[in-house]
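Chain by chain, the residues:
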Amino acid sequence: MSQMRQDFDEAIAQLVANGAPFELENLPSGGRRYANAPKDLREALWSARQHGDREFLIYEGERYSFNQLLDHAEAIAGALQQRGVRQGERVAIAMRNYPEWMMAYLAVIAIGAVAVPVNSWGTASDVSFALQDCGAGWVFCDQQRYNGVSEAVAAGDLQACIARPDDPGHPASLQRLIDEGRGVVLAMPELSPDDLAMILYTSGTSGKPKGAASTHRAVAQAIFNMECAATAAAMTNIPLITAMMENGYEPTALLAVPLFHVSGLHAQFFANFRGGRRIVMMYKWDVDRALDYIERERVTTVSVAPAMALDLLEAPRFDQIDRSSLFALGVGGAATPPHIRAMIDRALPNNFSGTGWGMTETNAQGSSFTGRAFTEKSGSSGFPHPVVDLRVCDEAGAERPTGQAGELWVRSPTNICEYWNRPEANAAEFVDGWFRTGDIGYLDEDGFIHLSDRAKDVIIRGGENIYPAEIEAAVLEHPAVKEVAAVGMPHDRWGEEVAIAVHLHAEQNTSESDLMDHAAARLAPYKVPSLVHISREPLPRNATNKLLKHKIRESLQVSV
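Residues numbered from 1 in each chain as written. Predicted model: local features only at pLDDT ≥ 70, side-chain atom pairs only at ≥ 80, totals over all residues. Heavy atoms only, no water.

1. What about the packing of helix 4 (residues 99–110) against helix 10 (residues 262–275)?
Each pair of packed helices gets described by two things: the angle between the helix axes and the distance between those axes.
(1) Moving on: Running from N to C, helix 4 and helix 10 point in directions that differ by 75°, and their axes come no closer than 13 Å. In terms of their interaxial angle, helix 4 and helix 10 are classed as roughly perpendicular. Across from Trp101, Met102, Tyr105 and Leu106 in helix 4, the residues of helix 10 making contact are Leu265, Phe269, Phe270 and Phe273.
(2) Moving on: Counted by class, the contact of helix 4 with helix 10 contains eight nonpolar, no polar and no charged residues. (Axes fitted to C-alpha atoms, helices over the stretch in contact; angles between N-to-C directions. Helix = DSSP H or I, 4+ residues; strand = E, 2+ residues; numbered from the N terminus. Parallel < 35°, antiparallel > 145°, perpendicular 65-115°, else oblique. Contact = heavy atoms within 4.5 Å. Nonpolar A, V, L, I, M, F, W, Y, C, P; charged D, E, K, R; others polar.)

Below you can see the structure in the form of C-alpha cells.
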C-alpha cells in the first residue's frame, strides 16, 4: 500500500473512531452511517444562522449575508404555509441560477415540503414533464420557465411564483410572496429522518429523466460525509493548507454550474452555506466573466466540469489576470483526463485541487481526493468515502478481482430511496440494499477508483470490451484537439467499430488520417478508431457538461 493511502487511512481512522466528531455506527442491514450527522436537512442547513451577517452570496453586483438569505427564505416559508402548502407536498424549483433559487429551496425544506429541482436548461415540455411526474402543486420559476408552464397555471393545475418577472407588478411575483410572509410566525413541523426531502431529476442523457427521491437522512449524511472528506484532505495536506491560510484570502468559491445538479447543489451550495464560506454565483458559464470574478472577488476555489476547466486554463486572459487568490481547481462530473491535471499543476503550483466521483442517486457521494493525491494518482477518481461500500461486479452481479473493470455497485446511507414512479427501474437497479450505478470502473491495488465509462457506452468489438474514456484520453493528447467523443458504430463483421467525433481548438487544423495515426501510436490496434469525424461545432452536451453520446452517434450515422 502506498504511503499516500496509508496517510489517508490513518486520518480517516482518527475521524471516525468512537467518540470522534465523525464517529461511525453500524447498520443492521449492513454498511455504516455517521452517528453525529444532522437528522434532517432543515437542521443541517438552517444552522447557517450561526454565520450571521457575514457575506455569503455575491451575484451580479448583489450581495447577501447568511442572515439576509435566511430572512428571505423564512418569509417565503411563512407565505407558503399561509397559502396552504403542507408537509410532504412537492414544490418545484425551475429557474436558472439566482439567489431566489437558494431562498426557495431553504423555504421548502423549512416547512417539511419536498423540494424538486428541475433542469432549467430543458425545453418547456421537459419542465412540464418533471412537474407532472412529481405531482408538484407549486413551482418557483424565472420568467422563461413561467412562459412554458403558464397554460397549466391558467388551468388551475399549478401555482407559480416568478423570480424577477418582466413585469415587477405581476401578481405571481416572488417579491410579493416575500412581502406577504414577512413577520409570519413559522409552524415548524417535526421532521423524521426517513421523510422525503427532495426529488432531484437525473440529467437524462437519453430518454426521460427519472426523479431520484432522497430522504432527509440521506442528504444530511451526504453533507456530513463531505465535511469528513474535507477534514481528512486537510489532515493529509498540511503544508498546502498552511500555505493557503498564510495567503490571507477569505475562502470564496465560484459557483459556475447549475444548482439543479448535485455538483452545484450539494458540493457547493450545501457545503459552503453550512461551512460559512462565500460564494460568487454565475447565471451561466462564461469564461471571461469567470476570470473577472476570480480577480475582482479574490476567488480561492473553482469547481467545474473537465470541459469548463479546459476553457479556463486555455483562456488567453488566464495568465494576464491577478489570480493570486486561486488555490484550488476542482474537477468533477466526469473522469478527469490526465492532461488537464498536468495543466492545473503548471498553472497553479502547490494547488489544493481535487476530483471525485458521485452521482444524483448517491447524493454526489462515492469517492474523492484532494491535494497531493490528486496530483500523484493521475487517472483516478479518489478513495471511496467512509460510508460508501463499493463492489465491482460482472453482468451477473459477481464481484470482479482487483484491477478488473466491472459495474460499480454502491451501498451507502447517502443513496436515494427510490426512483419516483419508476417501479421497473427500482426493481432493476436496487438489489438487496445496493444500487447498480451503471458506471464501469475498477479498484487498483491501493483501493483507488478508476472510472472507465457508463455501461451503456462500452464498445464491444469482436467480443472485446473497449472503454471510450481510454480512446478519448489518447486522442485528447493531440495538440489540435479540444474535445472528443468515442462511440460504437454498427459493423457487419465486428459487431461494433470505434468511431470518434472531434472538435478542434480555434485556428488549429489536422486531418482524419493524422488523428488515426496519433491514436495508433498510443492504443492497441483493435482500439484504434476506424471512423473519424471532425466537427466544426462544439460537441453537444447537457446542462452538466456531459457529452450527449446518443446525439453524437446519430450525427455520425448521417456523416459516414
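Moving on from the coordinates now.
2. A closer look at the packing of helix 8 (residues 216–235) against helix 10
(1) Moving on: Axis separation between helix 8 and helix 10 bottoms out at 10 Å; the angle between their running directions is 75°. With respect to their mutual orientation, helix 8 and helix 10 come out roughly perpendicular. Along the contact surface, helix 8 presents Val219, Ile223, Phe224, Met226 and Glu227, while helix 10 presents His266, Ala267, Phe270, Ala271 and Arg274.
(2) Moving on: Grouping the amino acids of the contact of helix 8 with helix 10 by side-chain chemistry returns seven nonpolar, one polar and two charged.

3. Section: the environment of Gly330
(1) Moving on: With respect to the helices and strands, the residue Gly330 is situated in strand 14 (residues 328–331).
(2) Moving on: Judged by its relative accessible area of 14%, Gly330 is buried.
(3) Moving on: Separated by 26 residues in the primary sequence, Gly330 and Gly356 place their C-alpha atoms 8.7 Å from one another. (Buried < 20%, exposed > 50% of the residue type's maximum accessible area, 1.4 Å probe, protein only.)

4. Quick notes on helix 16 (residues 468–475)
(1) Moving on: Taken together, the buried positions of helix 16 are Pro468, Ile471, Glu472, Ala474 and Val475. The buried residues of helix 16 all sit within an arc of 160° when viewed along its axis, so they share a single face. (Arc of directions from axis to C-beta.)

5. Quick word on the pattern of salt bridges
(1) Moving on: Per the counting criterion, the structure on display carries 34 salt bridges.
(2) Moving on: In this structure, Arg5 engages Asp9 in a salt bridge whose closest nitrogen and oxygen atoms are separated by 2.9 Å. Of this pair, Arg5 and Asp9 both sit in helix 1 (residues 3–16), four residues apart, which is roughly one turn of that helix.
(3) Moving on: Take Arg5: its relative accessible area is 12%, and that puts it in the buried class. (Salt bridge = Lys/Arg side-chain N within 4 Å of Asp/Glu carboxyl O.)

6. Description of the nonpolar core
The tendency in soluble globular proteins is for nonpolar side chains to be buried as a group.
(1) Moving on: By size, the foremost hydrophobic cluster in this structure holds 113 residues, and its most contacted members are Met102, Tyr105 and Phe140.
(2) Moving on: The biggest single contributor to this core is helix 4, with ten residues.
(3) Moving on: Met102 has contacts with Phe56, Leu57, Leu69, Leu255, Leu259, Phe269, Ile279 and Met281, leaving out every residue within four places of it along the chain.
(4) Moving on: Membership of the second largest hydrophobic core comes to 23 residues, among which are Ala92, Ile199, Tyr201 and Trp420. (Core = buried A, V, L, I, M, F, W, Y, C linked by side-chain atoms within 4.5 Å.)

7. So, unusual backbone geometry
(1) Moving on: The backbone phi angle of Glu60 is positive, close to 50°, even though this residue is not glycine.
(2) Moving on: Tracing the chain through its elements places Glu60 in the loop between strand 3 (55–59) and strand 4 (62–65).
(3) Moving on: Despite not being glycine, Asn421 has its phi angle at roughly 60°, a positive value.
(4) Moving on: With respect to the helices and strands, Asn421 occurs in the loop between strand 20 (418–419) and helix 15 (423–429).

8. Comments concerning the side chain of Lys549
(1) Moving on: As for its position among the elements, Lys549 is in helix 18 (residues 549–559).
(2) Moving on: For Lys549, a relative accessible area of 9% puts it in the buried group.
(3) Moving on: Polar side-chain contacts of Lys549 include one of 3.3 Å to the backbone oxygen of Ala486.
(4) Moving on: Beyond its immediate sequence surroundings of up to four residues, Lys549 is in contact with Asp453, Asp457, Pro468, Glu472, Ala486 and Val487. (Polar contact = N/O pair within 3.5 Å; in protein donor to acceptor, adjacent residues only side chain to side chain.)

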